Amino acid sequence: MRSQWIAVVAALVFLGGCDSANQGGANAPAKNGAPAAPAIAPGTTINGTVTFHDQIPVAAGSKLDVKLVDVAQPEIAIAEKIVEVGGSAPPFTFALDFDAGKINATRTYVVNVLLQDGDRRFVPALNSPVLTHGSGTSVQVVLNAEATPAEKLKEEYKKLQAHIGGMKKVDGTYTTDTASIGWDAFAESGAVRYVRVNTVLDAGGRNSVYYAFTKEGKPMVVQQKGGATIGWSEDGSVLVNEKAGGGTLSDADIKPLAEAATKALQMAQEKVDAGKRK
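Fair warning: this is a prediction, and the values are worked out from it, not measured in the lab. Counting restarts for each chain: residues are numbered from 1 in the order of the written sequence. Reporting of local features is limited, given that this is a predicted model, to residues whose pLDDT is at least 70; pairs of side-chain atoms are given and counted only at 80 or more, and all residues count toward the totals for whole chains, interfaces and linings. Hydrogens and water are ignored here; the side-chain numbers use all heavy atoms of the structure.

Engineer: Looking at this structure, I do not really get the pattern of salt bridges. What am I missing?
Structural biologist: When the charged atoms of two side chains with opposite charge come close together, those side chains can pair. By salt bridge we mean one thing: a side-chain nitrogen of Lys or Arg within 4 Å of a carboxyl oxygen of Asp or Glu. By the definition in use, this model includes eight salt bridges. Across the salt bridge formed by Glu84 and Lys63, the nearest N and O atoms sit 3.9 Å from each other. With a gap of 21 residues between them, Glu84 in strand S3 (residues 73-84) and Lys63 in strand S2 (residues 63-70) connect regions that are remote in the sequence. Exposure categories follow from relative accessible area, calculated using a 1.4 Å probe and restricted to protein chains: below 20% of the type maximum is buried, above 50% is exposed, and the middle band is partly exposed. On the basis of relative accessibility, which here comes to 55%, the residue Glu84 falls in the exposed class. Arg193 is the salt-bridge partner of Glu188, the closest N and O atoms lying 3.0 Å from each other. Overlapping salt bridges, with partners in common, bring together Lys169, Asp184 and Arg196 in one network. Helix and strand labels come from DSSP, where a helix needs a run of H or I of at least four residues and a strand needs a run of E of at least two; each type is numbered from the N terminus.

Quick look at the structure:
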């Protein structure tokens, strides 16, 4: 009799455990009695607000590219919309319609936002999840401004200038019919990266020009002290074109600066290579 009673109690405990497990399922009510959130947020539109981390004005013609993507396949847009925002100030708003039939409750989705303003891009500071795993259909996106290619080149040039003290130095002098020239150069791993040329004119006056080069021996920046600064991308296109006091140089004015950079590099590299042979 006792053994039968124990068996009944054990069966009740087992059934009670099963019932508790069932109550904790995906469609079970929450402890407060309210229904649990659905696996996929209802609706077919994502509404968003876009702001900037730093308040930077955007020019006319700027566009906001909004995409709904699966994080496992971010290159494939489930939905996409282009919003014209040039000339206006943030916050920007968007409403992105999507096909709910393309959403899988087990996957993770985010809204990717990119703002293109000329050469400058604004990209999200953080991911903006939506639709699944408890996320809804509304997002607030904060964008950070990336440095432009020209700004990145200027920063690279500054870093190079700051590190010439740790490079191998060579120098020399020569004269022309109208001037006396002194120069020094700095090489890294056998390649000239930076050259300074100081010219004293016989008629009076002096000037200084600084040349920076890539590791591959291509002109990177030419800076005239008190004058223009010209910088090139790796493919040889001009990224930086600035004159002291404002304005830019013409192509005809840039060409001799590029040629002078090539000559300065050849002169300095020959001396570096000669030192290796000793």
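There's more to say after this.
Engineer: Got a minute to help me understand unusual backbone geometry in this structure?
Structural biologist: With glycine set apart, most residues show a phi of negative sign, and most peptide bonds adopt trans. That bond from Pro90 to Pro91 is cis: its omega, 10 degrees, falls within 30 degrees of zero. Its location among the elements puts Pro91 in the loop between S3 and strand S4 (92-97). Located in the positive-phi region is Leu131, a residue other than glycine, with phi close to 75 degrees. With respect to the helices, strands and loops of the structure, Leu131 is situated in the loop between strand S7 (129-130) and strand S8 (138-145). Even without being a glycine, Ser189 presents a positive backbone phi close to 55 degrees. Structurally, Ser189 can be placed in the loop between strand S10 (179-188) and strand S11 (191-201).

Engineer: Mind showing me how you'd approach the sheet that holds S10 here?
Structural biologist: Two modes of strand pairing occur in sheets, parallel and antiparallel, and in both the strands are linked by backbone hydrogen bonds. One open sheet accounts for seven strands, arranged S9-S10-S11-S12-S13-S14-S15; its pairing is antiparallel. Edge strands, defined here as strands with exactly one partner in the open sheet, are strand S9 (168-175) and strand S15 (238-242). For this sheet, the mean angle separating the axes of adjacent strands, direction not counted, is 10 degrees. Here strand S12 (residues 206-213) runs beside strand S13 (residues 219-224); their pairing, made up of five bridges, is antiparallel. What sits directly across from Val209, in S13, is Gln224. Its contacts with the sheet put helix H2 (residues 149-162) on S11, S12, S13, strand S14 (229-232) and S15, and the angle it makes with S13 is roughly 80 degrees. Any pair of residues with heavy atoms lying within 4.5 Å of one another is described as a contacting pair. Between N-to-C directions, angles cover 0 to 180 degrees, with each direction set by a line fitted to C-alpha atoms, over the stretch in contact for helices. Against the sheet, helix H3 (residues 251-277) contacts S9, S10, S11, S12, S13, S14 and S15, and its axis sits at roughly 110 degrees relative to S11. Two strands make a pair as long as DSSP finds a minimum of two bridges between them.

Engineer: Could you clarify how one ought to interpret the environment of Thr248 in this entry?
Structural biologist: Looking at the element boundaries, Thr248 is found in the loop between S15 and H3. Between the C-alpha atoms of Thr248 and Ala228, which are 20 residues apart in sequence, the distance is 7.9 Å. Apart from residues lying up to four places away in sequence, Thr248 is in contact with Asn241 and Lys243.

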